[in-house]
Amino acid sequence: MYLTRFRINTARTEARRLLGSPHFMHGAVNMAFPDAPPRDEHGPRVLWRLDHTPSGRPDLFIVSPSRPDLTHLVEQMGWPTLEEPGWSTFAYEEFLATLKQGDTWGFRLTANPVHHIRKPGSAKDAPTKRTAHLTPKHQLQWLLQRQQSAGFEITRTPDARRLLPGHGDDPGDKYEVIVHNQVPYQFRKRNTRSRSEVRFVSVTFDGRLRITDLDVFRRTLTRGLGKAKAYGCGLMTLAPLR
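Residues numbered from 1 in each chain as written. Predicted model: local features only at pLDDT ≥ 70, side-chain atom pairs only at ≥ 80, totals over all residues. Heavy atoms only, no water.

1. Focus on the overall build of the protein
Within the protein, the secondary structure is distributed over six helices and 11 strands. For the protein, the C-alpha atoms occupy an extent of roughly 55 × 45 × 35 Å along the three principal directions. Burial status across the protein gives 43% buried among its 242 residues. Counting only contacts in the protein whose residues sit at least 6 apart along the sequence, the fraction spanning at least 24 positions is 68%. On the protein, roughly 14,100 Å² of surface is accessible, and the fraction owed to carbon and sulfur atoms is 50%. The average position of the 37 basic charges and that of the 24 acidic charges among the side chains of the protein differ by 7 Å. (Helix = DSSP H or I, 4+ residues; strand = E, 2+ residues; numbered from the N terminus. Buried < 20%, exposed > 50% of the residue type's maximum accessible area, 1.4 Å probe, protein only. Contact = heavy atoms within 4.5 Å. Areas by Shrake-Rupley, 256 points an atom, 1.4 Å probe, with all protein chains shown as cover. Lys, Arg positive; Asp, Glu negative; His and termini not counted. Charge placed at Lys NZ, Arg CZ, Asp CG, Glu CD.)

This is the structure we're talking about:
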């Protein structure tokens, strides 16, 4: 497994086109590998995410089973005349091997929180429709419902530091996590016979977690969490706590 960080030059026209379309960026990421990346839900796969640096410049992060070649992306949305390659790739397996059960880390996850609903008045056996969670409260609940099966738990805010007590099913600031950067997407796939549009909503979670099941957690980091993984969702990254 490899973790790659690519610096994006937003002054380039192609960069702005790719940044504006998860569908186009998905295709550009896949072109970094000579063979089609695996999409098996039961094994490691290619995951990617766009982050913004404190200066506002976006960076592209990729986790992949094989080492990517991003030369084409340098030409499209990098600085092709510089001597530096424009991206850095690290041996992710070595980092995964250092993780220990019970460790606490800072984390970032961009995900697609969804649930299944039926139309009001529908029969109990009527088909359900997948739809996005649109409030931070429900988006956080989505993550909390998956943390155990993903091998981690979000740490709780010490009582002395809590400012929002919460009410009912709203936890307030009970957990050390923030939900932000909600972005709706809608686009039509190119080069397909289907006329259906792709619609989804992504949100970003920043917080602290504790590893509860090491093997399962490693799978979460290499297989992703949730839906829309092809379109920049599901990739969780870690950072040491300060």
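Moving on, there is more to tell.
2. Focus: unusual backbone geometry
Note: most peptide bonds trans; most residues except glycine with negative phi. Even without being a glycine, Asn181 presents a positive backbone phi close to 55 degrees. Turning to its location among the elements, Asn181 is positioned in strand β9 (residues 177-188). Residue Asn181 is classed as partly exposed on the basis of its relative accessible area of 47%. Of note in this structure, Ala228 is not a glycine but carries a positive phi near 60 degrees. Relative to the helices and strands, Ala228 is located in the loop between α6 (214-223) and β11 (236-239).

3. Overview of helix α2 (residues 22-30)
Along α2, the residues classified as buried are Pro22, His23, Met25, His26, Ala28 and Val29. Residues of α2 that are buried sit in contact with α1 (13-19), β2 (47-52), β3 (58-64), α3 (71-77), β9 and β10 (197-211).

4. What about the environment of Leu214?
As for its placement among the helices and strands, Leu214 is situated in helix α6. Classification of Leu214 as buried rests on a relative accessible area of 15%. Spatially, the C-alpha atoms of Leu214 and Tyr231 are 27 Å apart, while their sequence positions differ by 17 residues. Setting aside chain neighbours within four positions, we find Leu214 in contact with Leu99, Lys100 and Gln101.

5. Considerations on α6
All buried positions along α6 are accounted for by Leu214, Val216, Phe217, Thr220, Leu221 and Thr222. Looking at the buried side of α6, the elements it contacts are β2, β3, α4 (92-98), β8 (152-154), β10 and β11. Trailing α6 by a residue or two, Gly224 shows a phi angle of about 90 degrees, which is positive.

6. Remarks on the sheet that holds strand β1 (residues 2-7)
An order of β2-β3-β1-β4 is seen for the four strands of this open sheet, with the pairing classed as antiparallel. Pairing within the sheet leaves two strands with one partner each, and these edge strands are β2 and β4 (87-91). Strand-to-strand twist in this sheet, taken as the mean axis angle between neighbours without regard to direction, amounts to 15 degrees. In this sheet, β4 lies alongside β1 in antiparallel orientation, the contact comprising five bridges. From the neighbouring strand, Leu3 faces β4, where its bridge partner is Phe90. Packing against the sheet, α2 makes contact with β2 and β3, and its axis sits at approximately 120 degrees to β2. (Pairing = 2+ DSSP bridges. Axes fitted to C-alpha atoms, helices over the stretch in contact; angles between N-to-C directions.)

7. With respect to the packing of aromatic side chains
To describe a pair of aromatic rings, one takes the distance between the centres and the angle between the planes. Following the criterion strictly, the structure yields nine aromatic pairs and no others. Geometrically, the ring pair formed by Phe152 and Phe217 is edge-to-face, given 6.1 Å between the ring centres and 65 degrees between the ring planes. Remark: Phe217 occurs in helix α6 and Phe152 occurs in strand β8; sequence separation between them is 65 residues. By relative accessible area, Phe152 is classed as buried at 1%. Residue classification places Phe217 among the buried positions, given a relative accessible area of 0%. (Phe/Tyr/Trp six-rings, centres within 6.5 Å; stacked < 30°, edge-to-face > 60°.)

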